[in-house]
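Results of the structural survey
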Amino acid sequence: MNPPAVLFLPGWYPTPVDPQDGIFIRKHALAVSQLRPVIVLFPVPEGAYNLPQSRTIGALHEYFPTYKPSGLPLIGPALTLLRFFLAALRSLRIIRKTHQPRIVHLHVILRNGMIAMWLHFFHRLPFLLTEHWTGYLSGAHESLSSLRRFVMRIIARQSRLITVVSPALRDAMIQADLHHDIRIVPNVVESVGRSRASIVASTRFEGPVRILNVSDFYDEKKNVSGLLRAFSSLVCKGIDAELHIIGDGPDRKLLHTLADTLPGLSGRVKFSGRVANEVVLEAMAKTHFYVCPSHFETFSVSTAEALAAGKPVICTACGGPEYFVDSSCGFVIPKANQKALEEALSRMCQQFQNFNPAALRSAANRFQARTVGLLFEEIYLEIQNDDSEKISA
């Protein structure tokens, strides 16, 4: 007998407008779909994304119902939320009839938590929560209204269990008193299908040292400005290097202006904007090393992708990457420490060729899709068995 389907309710999901947004959630869905059918429900605003109403890739079935946001004063946000919920319910009727999911997998509480609660109370579907939000690390959770934190706590405690992608996020959620059963299941990290020889060869070409960063341009969290300043210091010391930055966001103008005004950066900083994940992986293969200068990360998929491509990394101890990066992979430095970042860039430019690409790739093996999918499958079976015992009792 085929295992029953699981319904994913993601708070973020990649779209043509932002192919990197929530890509880690889609990789979780693809990993699970190797073992059982996965249905993704992600309501989107009308006209915002060029997405079909639904699409199927193997055992992954994605639904993108649309709703019309309201611009009315005062009642606009509430009306938009109602339309969001009604759009989800319309698709749920089709999903429940066609796929008959038996488990709900909520990713990020947000609005979809209300859908999970609806299915839990009115259709008796159990749900688990996977949380990715950096707000538990940055203090943003504490700045939310008391009402919103109360609702989030109710949703979290109604879940059978919570999974997170790093020990730091687990500890922060325990401190927030959200659940007693919080487990670690990492993000999925895979490199594109290229030969090992081509990956190794890309670290040996002549010319400037190529440094890569992939970020959403929220500088308060990602600290791309700190990386730009450290890179300026590097090239002003006479080191021949290029900095390639992939991403976009609200601080794009600030960062482009900074790159234009800092000394020594003319022609040495390349902004690529938002690109598909396949393009990011290709950039990993062409770089010499990767830098994560963030103040807060729950995991840092891009750092792990660099390891999977056989590239050494520099990362800050920002909540995520320090749990899988050690001295065999690169350098871990204190966050918000400009001098340490400058020194690490200088050292890595001299030492990146000393790292063994095969060892770097093996450090990311635990994040392969099959491994992560099996971890979730164990949890789904545990929930199914618990429900069977309750029914038999």
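Below, the structure is looked at part by part. For clarity, every value in this text was computed on a predicted model and none was experimentally measured.

Reading the values: the criteria
- Position numbers for residues start from 1 in each chain and track the written sequence from start to end.
- Since the coordinates come from a predicted model, pLDDT governs what is reported: local features require at least 70, and pairs of side-chain atoms require 80 or more to be given and counted, while whole-chain, interface and lining totals use all residues.
- Derived side-chain values reflect all non-hydrogen atoms in the structure, with water molecules and hydrogen atoms excluded from consideration.
- The buried label applies to any residue whose accessible area, calculated with a 1.4 Å probe on protein chains only, is under 20% of its type's maximum; exposed applies above 50%, and partly exposed to all values in between.
- Helical segments are the DSSP runs of H or I of at least four residues, strand segments are the runs of E of at least two, and each set is numbered from the N terminus.
- When DSSP finds two or more bridges between two strands, those strands count as paired.
- Throughout, right-handed denotes a crossover for which the path from the first strand over the helix to the second runs clockwise when the strands point away from the viewer.
- Note on definitions: angles span 0 to 180 degrees between N-to-C directions of axes, and those axes are lines fitted to C-alpha atoms, for helices only across the stretch in contact.

1. Comments concerning the pairing of strand S7 (residues 103–107)
Counting buried positions over the five residues of S7 gives five, a clear majority of the element. What you see with S7 is no split at all: Ile103, His105 and His107 on one side and Val104 and Leu106 on the other are buried throughout. For S7 and strand S8 (residues 127–131), the ladder comprises four bridges, and the chain directions are parallel. Among the inter-strand pairings, His105 is bridged to a residue of S8, identified as Leu128. Note on the crossover from S7 through helix H3 (residues 112–123) to S8: the handedness is right-handed.

2. Remarks on the sheet that holds strand S1 (residues 6–10)
Picture the strands of a sheet paired through backbone hydrogen bonds; they go either parallel or antiparallel. One open sheet holds the eight strands; their spatial order is S4-S5-S2-S1-S7-S8-S9-S10, and the pairing between them is mixed. Every other strand in the sheet has two partners, leaving strand S4 (54–57) and strand S10 (182–184) as the edge strands with one partner each. Across the sheet, the mean angle separating the axes of adjacent strands is 20° when strand polarity is ignored. Of the pairings in the sheet, the one linking S1 to strand S2 (residues 38–41) comprises three bridges and is parallel in character. The partner of Phe8 across the bridge, within S2, is Val40.

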